[in-house]
Each structure stands twice: as C-alpha cells, then as structure tokens.
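Each chain, written out:
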Amino acid sequence: MEYRFIAASIALLITYSLIVLRGVSRRFDVPAWVAMLIGASIMIGTGVVTPSEALSSINLNVIIFLFSLFTIASALEVSGFLSYVAYRLVSSSRKMYNLIGKVFLSSAVLSMVISNDGLAASFTPMIIESGKAANNIDVKPLLYALAYGVTIGSVMMPIGNPQNLLIAIESGIPRPFVSFIKYLAIPTLINLAVTYALMLVLFRRSAMDDLEVKSLSITLSDPALSNLALIMLILIVAVLVASDLVGLNLNAALVALIGQLSCMH
C-alpha cells in the first residue's frame, strides 16, 4: 500500500510539474495531453493500476459525447462563425468594460451547451485575432473574461463540462437537466455577476478605455456549414432537454454522435 501511494504521488508530481512548466521553460514545453499520458504510463508501469483497471475506468459515453461536441465546435470555427461572433462583439463595443462583459457573457452562455474545453480552444484564437481590429486593445482582460465565462457558465448544465457529464451519467440522477438547472442556476447567475464586478476592479485601468475599431469585412466562409452546425447543436440540446422532461432517458452520447455525423456530410 505504501509503495503504491509513493508511486502514485510521483506520477502526480511529474504530470503536474510538466503541465506547470509548459509555459515557463521551453525545455519542458510538453503538450498537456502528453504530460497526462506520461503520468498514466507511470501509474500502469509501476503497478499502481493494472491495464484492465485503466481501461475499465474509461467511460465511452463521455468520450463520444465530448468528441461529438468538439467536432461541432470545430465546425463553427472553420465555417467562420466564431470569428464573425468575435468581431461583432468587438465592433459593437465602444468601451472596454462593455467588451469584457460581452465576451464574458457570450462565452458563459455558449459553454452551457458546448463543452467548455472545446469552446475555449476554438474561441481563444478568434478573440485574439478580432482584438487586432481595435487600436491599442489589450486582449488580456478578454482572455480572462473567456476563461471565467466558460468555467462558470458550464456549471449550470450537465453537458457543460466533462465533470458534469460524468456526474449526470454515473450518479443516476433522474432528469439531470432539470436537477442541474434547479440547484445550480441561481449560484451560477450570482457567480457571473460577482465575477464581472471583480474583473472590472482587476482591470480598472483599462476598463474605461475607448475602443477604436477598424472597419473590416468579416463574413462567414462557409454559411451552409455554420447553419448546419448551429441547427445540430440546438437540436441536440432540445432533444436531450425534451427527453429529460418526459422521462425518455435517451443516451446523450448517441444523440450527440448523430448530430456530429450530420455535420460531417
């Protein structure tokens, strides 16, 4: 027991050290997934867990569901939808505090129905790129707004992040959508309000800055794909919520997979 504890502790230390050092030292610039793979390999190689135990801990429903939402998020990205949204957020704002609020709220709302990881990965480069359309804009507050938005907003729905999905699937909660909204809607809204106020304090030096936005022609590169991805996303959420309300208990992974496959045609 002591050996397994020591081995597991070493694996944890190595994994998180590689993740932390990723942005600090080029020598240890290891992708996060590689660091996690190294940690998992140490766990198996030292006998802390057996290969069969490691495989049995993987929930395919969660993997399929997340893969499907990541695909839809990628479709929104490559179709130009996220770039269009990001530019519209910038171009419609005249003060920095307005733009911070819009990025914060939009990312929070989107993360309720798109996995927060997928949204953060797809939306970050769009925010940075669109920020260049405004003169002398500091994108740091916008990235904070995005990070806080996807983190807080994803709490309210069972499909907002992998942890919620695991809870919804493994715990056997009846009607997870109803349960999550019932108990987490108010805390989520309170957190959104408090966090926005804290961001205005944190970035008070730039919050009142005026924004001068360049006039750019930002259009959807693939309107058909954008519309299809949006429709599939809305249908996935609508079907899951409806099945929850009437007690059908449809497999969320299967519903998301069907929607994802539709976007690939």
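Residues numbered from 1 in each chain as written. Predicted model: local features only at pLDDT ≥ 70, side-chain atom pairs only at ≥ 80, totals over all residues. Heavy atoms only, no water.

A.B. asks: What is the right way to read the packing of aromatic side chains from this model?
C.D. replies: Aromatic ring pairs: the centre-centre distance and the angle between the two ring planes describe each pair. Under the counting rule described, the total for this entry stands at 3 aromatic pairs. When the ring of phenylalanine 104 is compared with that of tyrosine 196, the centres are 6.5 Å apart and the planes differ by 15°; the resulting orientation is stacked. With phenylalanine 104 in helix 6 (residues 96-111) and tyrosine 196 in helix 10 (residues 176-202), the pair connects residues that are 92 residues apart, well separated along the chain. Since its relative accessible area comes to 3%, phenylalanine 104 is described here as buried. For tyrosine 196, a relative accessible area of 24% puts it in the partly exposed group. The structure contains a cluster of three or more aromatic residues connected by ring pairs, namely Tyr144, Tyr148 and Phe203. (Phe/Tyr/Trp six-rings, centres within 6.5 Å; stacked < 30°, edge-to-face > 60°. Helix = DSSP H or I, 4+ residues; strand = E, 2+ residues; numbered from the N terminus. Buried < 20%, exposed > 50% of the residue type's maximum accessible area, 1.4 Å probe, protein only.)

A.B. asks: Help me out: how do you make sense of the packing of helix 4 (residues 60-78) against helix 12 (residues 223-246) in this one?
C.D. replies: For any two helices packed against each other, the geometry comes down to the angle between their axes and how far apart the axes lie. Close contact between helix 4 and helix 12 brings their axes to 8 Å; oriented N to C, the two are set at 150°. In the crossing of helix 4 with helix 12, the sense of the turn from one axis to the other is left-handed. Contact residues: helix 4 offers Phe65, Leu69, Ile72, Ala75, Leu76 and Val78, while helix 12 offers Leu225, Ser226, Ala229, Leu230, Leu233, Ile236 and Leu240. Broken down by class, the residue content of the contact of helix 4 with helix 12 amounts to 12 nonpolar, 1 polar and no charged. (Axes fitted to C-alpha atoms, helices over the stretch in contact; angles between N-to-C directions. Left-handed = near helix turned anticlockwise from the far one by under 90°. Contact = heavy atoms within 4.5 Å. Nonpolar A, V, L, I, M, F, W, Y, C, P; charged D, E, K, R; others polar.)

A.B. asks: What is the right way to look at the nonpolar core in this model?
C.D. replies: Most often, soluble globular proteins keep nonpolar side chains buried together rather than apart. Counting 54 residues, the largest nonpolar core has Phe65, Leu99, Val103, Phe123, Leu142 and Leu240 as the members making the most contacts within it. Mapped by element, the contributors of at least two residues to this core are helix 4, helix 5 (81-91), helix 6, helix 7 (116-131), helix 8 (140-153), helix 10, helix 12 and helix 13 (252-263). The greatest single-element share of this core, amounting to 8 residues, is contributed by helix 4. Not counting residues within four places of it along the chain, the set of residues in contact with phenylalanine 123 comprises Leu82, Val85, Ala86, Leu89, Ser106 and Leu146. (Core = buried A, V, L, I, M, F, W, Y, C linked by side-chain atoms within 4.5 Å.)

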